[in-house]
Amino acid sequence: MRKQKKRGFTLIELIVVVAILVALLLILVPRLTGFTSTAAEVQCQQTRQKVMEMYNAYQIKGEPVSIEDLLKNKDDEYFISTPKCASGGKYSVVEIKGLVTLIKCSKHGSISSGNLDYTPKGIQSAMLEFMKFLNEQKKTNSSIIRELTGNSKLNNDAIRNFMKNEIYGGSWPALDNGIVNAANLPKGDYKIQICYRHVTDPNVENPYNNPVPENAIIYASTIQGGNWNTSLIYNQDDNKWYSGKSLVINGKTWTEVKTLMEEKGWKPVEYSE
Ligand SMILES: [Zn+2]
């Protein structure tokens, strides 16, 4: 048998290999950095999801615990390690009893869990509950409105942003397409929304301090912000959608909107699921 001489890498080969590796790393590192921030967001979301699941599990078990205790991992009782955001975001909790619970990360937004009612009246009453909750909270926490809505004070934009982004996950609840068809409106992605009466006159009592259905117009539109023209309004008195020639609804009470609808000959949309 012929003896073969074992041979290692030559210096040149090593240099080439190292150079290739360095080149690869230079390409990969920036990509990995981007990947890490997405991974952190997913991790954060999953962490909050886990806390929420634990919270729900204890509710079902009939031994409710507070989310604050879960987040602190009080007495190391709930998790192997204390829930944390990988990007160093701070967790805060909004718990509106019987309605919704939110865990918000200062860097990655919020997730919610609760018994939300997606009917027009359900969406309206959720908004009124949140406004009452925020009004109550601001007595002891002056920055709560900004923290939760991004606005300095509670107004139509603030409460709408909060509802859309924090409660409904970025988009208002969808309207049944059958209603759009029955109303003979152009096809589109209609969302059920609330426009809360905005008054700038200092002589009129601030309607945001005392949230009532009279000031919360339920309407549907394909545009989710800043456009107060609509051809679909929900009649809070007879619980039917009405349609007609486009109306501007901002700054108005339900009584005012209803009068306009009558003047413009709006008709109920005949539709059953
Ligand atoms: Zn986070």
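Quick caveat: nothing in here was measured; it's all calculated off a predicted structure. (Residues numbered from 1 in each chain as written. Predicted model: local features only at pLDDT ≥ 70, side-chain atom pairs only at ≥ 80, totals over all residues. Heavy atoms only, no water.)

Caption draft 1: Representation of the coordination of the zinc ion in the model. Listed as protein donors to the zinc ion are Cys 44 (SG), Cys 85 (SG), Cys 105 (SG) and His 108 (ND1); their distances from the metal cover 2.2 to 2.3 Å. Because the angles between the four donor atoms bound to the zinc ion fall within 96 to 117 degrees, the donor set is best described as tetrahedral. Every donor residue of the zinc ion comes from the same chain, spaced as C-x40-C-x19-C-x2-H. With Cys 44 in helix α1 (residues 11–60) and His 108 in the loop between β2 (100–105) and β3 (109–114), the pair connects residues that are 64 residues apart, well separated along the chain. The buried category is assigned to Cys 44, whose relative accessible area is 0%. (Donors = N, O, S within 2.8 Å, 3.2 Å for Na, K, Ca; no water. Tetrahedral: all angles 85-135°; square planar, octahedral: opposite > 155°, others 65-115°. Helix = DSSP H or I, 4+ residues; strand = E, 2+ residues; numbered from the N terminus. Buried < 20%, exposed > 50% of the residue type's maximum accessible area, 1.4 Å probe, protein only.)

Caption draft 2: Inspection of the side chain of Gln 236 at higher detail. Counting through the fold element by element, Gln 236 comes out in the loop between β6 (229–235) and β7 (240–248). Within the structure, Gln 236 has its side chain in polar contact with the backbone oxygen of Pro 213 (distance 3.3 Å). Other than its neighbours up to four places away in sequence, Gln 236 contacts Lys 121, Gln 124, Pro 213, Glu 214, Ala 216, Ile 217 and Trp 254. (Polar contact = N/O pair within 3.5 Å; in protein donor to acceptor, adjacent residues only side chain to side chain. Contact = heavy atoms within 4.5 Å.)

Caption draft 3: Local environment of unusual backbone geometry. Non-glycine residue Asp 75 carries a positive phi angle of around 55 degrees. In this structure, Asp 75 sits in the loop between α2 (67–72) and β1 (91–96). The backbone phi angle of Asn 184 is positive, close to 60 degrees, even though this residue is not glycine. Looking at where Asn 184 falls in the secondary structure, it is placed in the loop between α6 (177–182) and β4 (191–196).

Caption draft 4: Molecular detail of the sheet that holds β2. On the basis of which strands lie adjacent, the open sheet formed by three strands has the order β1-β2-β3 and antiparallel pairing. In the strand order of this sheet, the two ends are held by β1 and β3, each with one partner. Neighbour-to-neighbour, the strand axes of the sheet open up by a mean angle of 15 degrees, direction not taken into account. The sheet contact formed by β1 and β2 spans six bridges and is antiparallel. Bridged to Tyr 91 within β2 is Cys 105. (Pairing = 2+ DSSP bridges. Axes fitted to C-alpha atoms, helices over the stretch in contact; angles between N-to-C directions.)

Caption draft 5: Up close: the domain arrangement of the protein. Domain annotation for the protein reports domain 1 (34–115) and domain 2 (117–268). Centre-to-centre separation of domain 1 and domain 2, based on C-alpha positions: 29 Å. With ten residues of domain 1 in contact, the opposing surface of domain 2 contributes ten residues. Among the residues domain 1 hides against domain 2, the three largest losses belong to Ile 96, Leu 99 and Lys 104. Together they make up 46% of the total. The tally of links between domain 1 and domain 2 comes to one salt bridge. Close ionic contact of Lys 104 with Glu 166 constitutes a salt bridge, the shortest N to O distance being 3.0 Å. The tally of links between domain 1 and domain 2 comes to two residue pairs in polar contact (both at pLDDT 80 or more). Those elements that provide at least two residues to the side of domain 1 that touches domain 2 are β1, β2 and β3. Residue classes in the side of domain 1 that touches domain 2 are distributed as five nonpolar, three polar and two charged. (Domains from an automatic or database assignment. Buried area = accessible area lost by both parts, 1.4 Å probe. Salt bridge = Lys/Arg side-chain N within 4 Å of Asp/Glu carboxyl O. Nonpolar A, V, L, I, M, F, W, Y, C, P; charged D, E, K, R; others polar.)

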